[in-house]
Amino acid sequence: MRVAKAVCPGSFDPPTNGHMDVIRRSLSLFETVVVAVIRNVSKKPMFSSEERVEMLRDLLAAEPRAEVVAFDGLLVDFARAQGVNVVVKGLRAVSDFDYELQMAQMNHGLSGIDTVFIPTSPEHAYLSSSLVKEVGSLGGSVSGLVPGRVADLMKERWSE
Ligand code: PNS
């Protein structure tokens, strides 16, 4: 039996194949997955929140149980407003764990909302949006690291 609804939050600047893997696997555990795109990322984003939402909606167009929504403020406030009481996060390596555990405990302390961790598939374990941007901006190939459509949009952005 699947739990009704979970939120899968992130910056998604841009969405990588690792993100898509975690979202797809969340869909096999939960009836509905709300992909929550944070509006304000700390560094200047490559893509606006509207562009990140649009990319994810496009990538998940064949998944009617996935919703993509932008959010501001505390994740737990957004989750409560969506009627969600589970957060899903991908874990790439032990190095992710310290900070993710801290956030999970803070979110639970603030709201009672629990976090479920999905281990990233090994082939995606080294992927991060920032590394992908660095590789691509220096002329390296990002194909195989991000979905094809995202790779095209990244190339377009760099050529502007
Ligand atoms: O893709 P990222 O950058 O690892 O995502 C981080 C994100 C958006 C999940 C995290 O920064 C977040 O939840 N931000 C919302 C603000 C918030 O709730 N802060 C308290 C976290 S304990």
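A brief structural summary. These numbers were taken from a predicted model, which means no experiment stands behind them.

1. Some points on the site of the ligand
Phase 1: Inspection of the region around the ligand gives Pro-9, Gly-10, Ser-11, Ile-38, Phe-71, Gly-73, Leu-74, Leu-75, Lys-89, Met-103, Met-106 and Asn-107 as its neighbouring residues.
Phase 2: Ser-11 places a side-chain nitrogen or oxygen 2.6 Å from an oxygen atom of the ligand.
Phase 3: Contact with the protein chains hides 69% of the accessible area of the ligand, taken as 550 Å² for the molecule alone.
Phase 4: Among the elements of the structure, strand S1 (3–10) and helix H4 (94–111) are those that each provide at least two residues to the shell around the ligand.
Phase 5: Ranked by residues supplied to the shell around the ligand, first place goes to H4 with three residues.
Phase 6: Of the residues assigned to the shell around the ligand, the class counts are seven nonpolar, four polar and one charged.

2. With respect to the environment of Gly-83
Phase 1: Looking at where Gly-83 falls in the secondary structure, it is placed in the loop between helix H3 (75–81) and strand S4 (86–91).
Phase 2: Residue class for Gly-83 comes out exposed when judged on its relative accessible area of 61%.
Phase 3: Once the C-alpha coordinates of Gly-83 and Pro-45 are considered, the two residues, 38 residues apart in sequence, prove to be 29 Å apart.

3. Quick notes on the pairing of strand S2 (residues 30–38)
Phase 1: S2 sits mainly inside the fold: seven of its nine residues count as buried.
Phase 2: After leaving S1, the chain enters helix H1 (residues 17–29) and then returns to the sheet as S2, a path that is right-handed.
Phase 3: Pairing of S2 with strand S3 (residues 66–71), which is carried by six bridges, proceeds in the parallel orientation. From the neighbouring strand, Val-33 faces S3, where its bridge partner is Ala-66.
Phase 4: Each parallel crossover has a hand, and for S2 linked through helix H2 (residues 49–59) to S3 it is right-handed.

4. Details of the packing of H2 against helix H6 (residues 148–159)
Phase 1: Interhelical geometry of H2 versus H6 gives an angle of 150 degrees and a closest axis separation of 10 Å. Relative to H6, the element H2 is oriented roughly antiparallel. Seen from H2, the contacting residues are Glu-51, Met-55, Asp-58 and Leu-59; seen from H6, they are Arg-149, Val-150, Leu-153 and Arg-157.
Phase 2: Taken together, the residues of the contact of H2 with H6 break down into four nonpolar, no polar and four charged.

5. Here's the deal with the side chain of Thr-16
Phase 1: Note that Thr-16 resides in the loop between S1 and H1.
Phase 2: With a relative accessible area of 3%, Thr-16 lands in the buried category.
Phase 3: A polar side-chain atom of Thr-16 sits 3.2 Å from the main-chain amide nitrogen of Gly-18.

6. Here's the deal with unusual backbone geometry
Phase 1: In this model, Asp-13 is joined to Pro-14 through a cis peptide bond whose omega is 0 degrees.
Phase 2: In this fold, Pro-14 is placed in the loop between S1 and H1.
Phase 3: One non-glycine residue with positive phi stands out, namely Phe-12, at about 50 degrees.
Phase 4: Along the chain, the position of Phe-12 falls in the loop between S1 and H1.
Phase 5: A relative accessible area of 2% places Phe-12 in the buried class.

Thresholds applied
Residues numbered from 1 in each chain as written. Predicted model: local features only at pLDDT ≥ 70, side-chain atom pairs only at ≥ 80, totals over all residues. Heavy atoms only, no water. Near = heavy atom within 4 Å. Polar contact = N/O pair within 3.5 Å; in protein donor to acceptor, adjacent residues only side chain to side chain. Areas by Shrake-Rupley, 256 points an atom, 1.4 Å probe, with all protein chains shown as cover. Helix = DSSP H or I, 4+ residues; strand = E, 2+ residues; numbered from the N terminus. Nonpolar A, V, L, I, M, F, W, Y, C, P; charged D, E, K, R; others polar. Buried < 20%, exposed > 50% of the residue type's maximum accessible area, 1.4 Å probe, protein only. Right-handed = clockwise from strand over helix to strand, strands pointing away. Pairing = 2+ DSSP bridges. Axes fitted to C-alpha atoms, helices over the stretch in contact; angles between N-to-C directions. Parallel < 35°, antiparallel > 145°, perpendicular 65-115°, else oblique. Contact = heavy atoms within 4.5 Å.

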